[in-house]
Amino acid sequence: MFKRPIWLHLLLIWLFFFMALDSVVDDSPTMDEQNHLARGLAYLRTGDPRLSMEHPPLVNLLSALPLLTMPEIKLPLDHPSWERPEGWYEFADLFMWRSDLDVTKAVFLARLPVIFLTLGLALVVHRFALQLWGKRSALVAFFLILFDPNILAHGRYITTDLGGTAFLFLAVFLLWRMWRQGHWSWRRWLIAAVGMGLAFGSKLSTLGFVPILAVVALLPLFERARAKPYWSGAGRRLLQFITAGLLSLLVLWMIYGFQWEPFHFRSAGMSWLNELSGPMPTFWAGLEQIAAFTGSGRGS
């Protein structure tokens, strides 16, 4: 027989799914969803992440996975927009609206993984709250995250917002577990590195949390005993964070399909690097592009 808290959790999950699926059926595609879906499906079909300039491909890939059940979908790979660096919007428009695509079915299927990512975020929040404050607080946190208006709004769209939030929070939780260990645990270090790689592969703006987390590693928040000097623990945590971050780049490179091609920077100061080849040039070009957008007042 299930205990009452488990029934409450199941009730909250079913209520969330009802609200999410009901809105998925009724809502027409937003402006950005066609772009994210085209990126993900093009990468799945071709293995080429060239369209993933503004956003890393992980969340787009997950969204596009259910569309593998629709082999009749055709991508405009023979159109010039596929070859042009700035042609991603036209490519997405052709894919979504100027083909024989069953848009209603495709959008419904592609939104499902985002709903599951939302539930995954809620489960990680629950686990974090459980370890910090206990069962009752964890249940309250589970309820608040599932039915937060912002989460309900974005937790069903084919964008990177919810996915970036979910994987970033997962990475923070895994880092917290590693730092709380009090000694170097290779297993938790490896898992934290994977979590960081997933976060960086979900949304470029997650990189903005790197200096914040580096500072958090130095704070006296994780010591259970004062037997050792404070700076020895802080130094260990910072070293764990830096080395896990370096390893996370391998996970990120894996998400980009181990892409190794010539770099394609656009700015005059970086263009000299285009004569060289290196890992995941699409990621570095995307960073440069987002930095340019941010400098001109546009963010990721």
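Structural data are supplied above this passage.
Here's a quick rundown of the structure. Nothing here was measured: the structure is a model prediction, and the numbers come from that model. Residue indices begin from 1 for each chain and proceed along its sequence in written order. Reporting of local features is limited, given that this is a predicted model, to residues whose pLDDT is at least 70; pairs of side-chain atoms are given and counted only at 80 or more, and all residues count toward the totals for whole chains, interfaces and linings. Only hydrogens and water are removed before side-chain values are computed, so all heavy atoms of the structure are retained for them.

Points about the packing of helix H5 (residues 103-133) against helix H8 (residues 161-180)
Throughout, an axis means a line fitted to C-alpha atoms (over the contacting stretch in the case of helices), and angles, computed between N-to-C directions, take values from 0 to 180 degrees. We count a stretch as a helix when DSSP gives it H or I for four or more residues in a row; a strand needs E for two or more, and each element gets its number in order from the N terminus. Two numbers describe how H5 lies on H8: the axes approach to 9 Å, and their chain directions differ by 25°. When the interaxial angle is binned, H5 and H8 end up roughly parallel. Two packed elements cross with a definite hand, and for H5 against H8 that hand is left-handed. For the pair H5 and H8, the contacting residues are Val114, Leu117, Thr118, Leu121, Val124, Val125, Arg127, Phe128, Gln131 and Leu132 in the first and Leu162, Gly163, Thr165, Ala166, Phe167, Phe169, Leu170, Phe173, Trp176, Arg177 and Arg180 in the second. Classification convention: Asp, Glu, Lys, Arg as charged; Ala, Val, Leu, Ile, Met, Phe, Trp, Tyr, Cys, Pro as nonpolar; all other residues, Gly among them, as polar. Residues that form the contact of H5 with H8 fall into these classes: 14 nonpolar, 4 polar and 3 charged. What sets the label is the angle itself: under 35 degrees gives roughly parallel, over 145 gives roughly antiparallel, 65 to 115 gives roughly perpendicular, and the rest give oblique. Each crossing gets its hand from how the near helix is turned against the far one by less than a right angle, where anticlockwise is left-handed and clockwise is right-handed. Should any heavy atoms of two residues lie within 4.5 Å, those residues are counted as being in contact.

Brief notes about helix H4 (residues 88-97)
Of the positions making up H4, those classed as buried are Phe91, Ala92, Asp93, Leu94, Phe95 and Met96. Taken together, the buried residues of H4 touch helix H2 (33-46) and H5. Here's how the labels work: a residue is buried when its accessible area is under 20% of the maximum for its type, exposed when over 50%, partly exposed in between, all with a 1.4 Å probe on protein chains only.

With respect to helix H9 (residues 186-200)
Here, expected helix span is obtained from the residue count minus one, scaled by 1.5 Å. Counted at 1.5 Å a residue, the expected span for H9 with its 15 residues is 21 Å, and the 21 Å between its end C-alpha atoms agrees. Restricting attention to buried positions, one finds in H9 the residues Trp189, Ala192, Ala193, Gly195, Met196, Gly197, Ala199 and Phe200.

Things to note about the nonpolar core
Grouped burial of nonpolar side chains is what soluble globular proteins tend to show. Take the buried residues of types Ala, Val, Leu, Ile, Met, Phe, Trp, Tyr and Cys, join any two whose side-chain atoms come within 4.5 Å, and each joined set is a nonpolar core. Within the largest apolar cluster, 54 residues are counted, with the highest numbers of intra-cluster contacts made by Leu121, Phe142, Leu146, Leu162, Leu175, Trp179 and Met196. Each residue touching Phe142, except ones within four places of it in the same chain, is listed here: His9, Leu12, Ile13, Leu119, Ala122, Leu123 and His126. Core analysis: the second largest hydrophobic core is formed by 22 residues, Leu37, Ala38, Ala64 and Leu67 among them.

Here we look at the packing of aromatic side chains
Between two aromatic rings, the relevant description is the distance of the centres plus the angle of the planes. The criterion for an aromatic pair is that two Phe, Tyr or Trp rings (for Trp, the six-membered ring) have centres within 6.5 Å, with stacked assigned to planes under 30 degrees apart, edge-to-face to planes over 60 apart and tilted to the rest. Per the stated rule, a full pass over the model turns up 19 aromatic pairs. Between Trp253 and Phe258, the aromatic rings sit 5.3 Å apart at their centres with planes inclined by 75°, giving edge-to-face as the arrangement. Assessed through its relative accessible area of 42%, Phe258 is described here as partly exposed. Measuring from centroid to centroid gives 5.7 Å for Phe263 and Phe265, while their planes differ by 20°, and the two rings are stacked. Given the relative accessible area of 10%, Phe265 is considered buried. Grouped by ring-pair contacts, the aromatic residues Phe128, Phe169, Phe173 and Trp176 constitute a single cluster.

Digging into the packing of H5 against helix H6 (residues 135-146)
Packing of H5 against H6 brings their axes to within 8 Å, and their N-to-C directions diverge by 155°. It follows that H5 is roughly antiparallel to H6 by the angle criterion. Where H5 crosses over H6, the handedness of that crossing is right-handed. Contacts between H5 and H6 pair Leu119, Leu121, Ala122, Leu123, Val125, His126, Ala129, Leu130 and Trp133 from the former with Lys135, Ser137, Ala138, Leu139, Ala141, Phe142, Ile145 and Leu146 from the latter.

With respect to unusual backbone geometry
Non-glycine residue Phe258 carries a positive phi angle of around 50°. Looking at the secondary structure, you find Phe258 in the loop between helix H11 (230-255) and strand S1 (260-262). If you check the backbone angles, Met280 has positive phi at about 35° while not being a glycine. Looking at the secondary structure, you find Met280 in the loop between strand S2 (277-279) and helix H12 (281-295).

Describing the side chain of Ser202
Secondary-structure assignment places Ser202 in the loop between H9 and helix H10 (210-218). Accessibility expressed as a relative area gives 0% for Ser202, which makes it buried. Of note is the side chain of Ser202, whose polar atom sits 2.7 Å from the backbone oxygen of Ala199. In protein, a polar contact means a hydrogen-donor-capable atom and an acceptor-capable atom, both N or O and within 3.5 Å, with residues adjacent in sequence counting only if both atoms are side-chain atoms; elsewhere, any N or O pair within 3.5 Å suffices.

Some remarks on the pattern of salt bridges
Within this document, salt bridges are pairs made up of a side-chain nitrogen of Lys or Arg and a carboxyl oxygen of Asp or Glu, the two lying within 4 Å of each other. Across all of its chains, the model carries 8 salt bridges by this definition. One salt bridge connects Arg84 with Glu86, and the closest N-O pair in it is separated by 3.6 Å. Overall, the relative accessible area of 51% leaves Glu86 in the exposed class. Through salt bridges that share partners, Asp48, Arg50 and Glu83 make up one connected network.

Description of the environment of Gly120
Mapped onto the fold, Gly120 is located in helix H5. Among the residues examined, Gly120 registers a relative accessible area of 27% and is labelled partly exposed. Residues Gly120 and Phe167, spaced 47 residues apart in sequence, show a C-alpha to C-alpha distance of 9.2 Å.

With respect to a nonpolar patch on the surface
Patches here: salt-bridge-free residues with over 30% relative accessible area, like charges joined within 9 Å, nonpolar side chains (Val, Leu, Ile, Met, Phe, Trp, Tyr) joined within 5 Å. Here the open area of atoms and residues is found with the Shrake-Rupley method and a 1.4 Å probe, where only the protein chains shown may cover a residue. On the surface, a nonpolar cluster with roughly 450 Å² of combined accessible area is contributed by Ile6, Trp7, Leu10 and Trp14. Look at Trp14 and you get exposed, because its relative accessible area is 62%.

Quick notes on the environment of Leu139
Relative to the helices and strands, Leu139 is located in helix H6. The class of Leu139 is buried, set by a relative accessible area of 19%.

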